[in-house]
Amino acid sequence: MADVLRVEVVSADGIVWEGDALSVTARSSEGDLGILPNHEPFLAAMVPCAAEVLTTGNTREVLAIDGGFLSVADNRVSLLSQFARVAREIDLNAAEHELAAAEKRLNAGELDEETRQHYLRAQAQVRAAHLAQQHAK
């Protein structure tokens, strides 16, 4: 079997997703990152995003990530985040309402870190849910 990546997505609550993959895509503070087997070791700061894992079964797992770190070494990829959720478990309607509420608070001048983080987390969930729907078609 060709080289594969062993992937773990871990949140503060525990392991959100793990398995073997052909590739991983996530967004860092420097831009989008694509990870393939035998990638050079590195560590990157992630920003809120919809990360994608192409599994060895040729299915796509989409995950909402609210930031954190991405680590690559020896064909092991770890996405470590305070919050992460598999996109198919996200209620899109609820995530869109959460995003609208956070945006309203920001527009009203509530520029504290908690409100900003709430907005970014909701935005990542909406993106992930939309992307998962696109892949399901």
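Report on the accompanying structure. (Residues numbered from 1 in each chain as written. Predicted model: local features only at pLDDT ≥ 70, side-chain atom pairs only at ≥ 80, totals over all residues. Heavy atoms only, no water.)

**Some points on the nonpolar core**
As a rule of thumb, nonpolar side chains are buried together in soluble globular proteins.
Thinking step 1. Residues Val7, Val9, Val24, Ile65, Leu70, Val77 and Leu79 are the most contacted members of the largest nonpolar core, which totals 20 residues.
Thinking step 2. Listed by contribution, the elements that provide at least two residues to this core are strand 1 (5–11), strand 2 (14–28), strand 4 (42–55), strand 5 (60–73), strand 6 (76–80) and strand 7 (84–86).
Thinking step 3. Ignoring sequence-local partners within four residues, the contact set of Val9 consists of Gly14, Ile15, Val16, Trp17, Leu63, Ile65, Leu79 and Ala84.
Thinking step 4. Counting residues in hydrophobic clusters, the runner-up holds 16 residues, among them Val62, Ile90, Ala129 and Ala132. (Core = buried A, V, L, I, M, F, W, Y, C linked by side-chain atoms within 4.5 Å. Buried < 20%, exposed > 50% of the residue type's maximum accessible area, 1.4 Å probe, protein only. Helix = DSSP H or I, 4+ residues; strand = E, 2+ residues; numbered from the N terminus. Contact = heavy atoms within 4.5 Å.)

**Remarks on the packing of helix 1 (residues 92–107) against helix 2 (residues 113–136)**
Thinking step 1. Look at helix 1 against helix 2: their axes get within 8 Å of each other, and the N-to-C directions meet at 150°. As judged from the angle between their axes, helix 1 and helix 2 are roughly antiparallel. The chirality of how helix 1 crosses helix 2 is left-handed. Of helix 2, the residues touching helix 1 (which contributes Leu92, Ala95, Glu96, Glu98, Leu99, Ala102, Glu103, Arg105 and Leu106) are Thr115, Arg116, His118, Tyr119, Ala122, Gln123, Gln125, Val126, Ala129, His130 and Gln133.
Thinking step 2. Of the residues contributing to the contact of helix 1 with helix 2, the split by class is nine nonpolar, six polar and five charged. (Axes fitted to C-alpha atoms, helices over the stretch in contact; angles between N-to-C directions. Parallel < 35°, antiparallel > 145°, perpendicular 65-115°, else oblique. Left-handed = near helix turned anticlockwise from the far one by under 90°. Nonpolar A, V, L, I, M, F, W, Y, C, P; charged D, E, K, R; others polar.)

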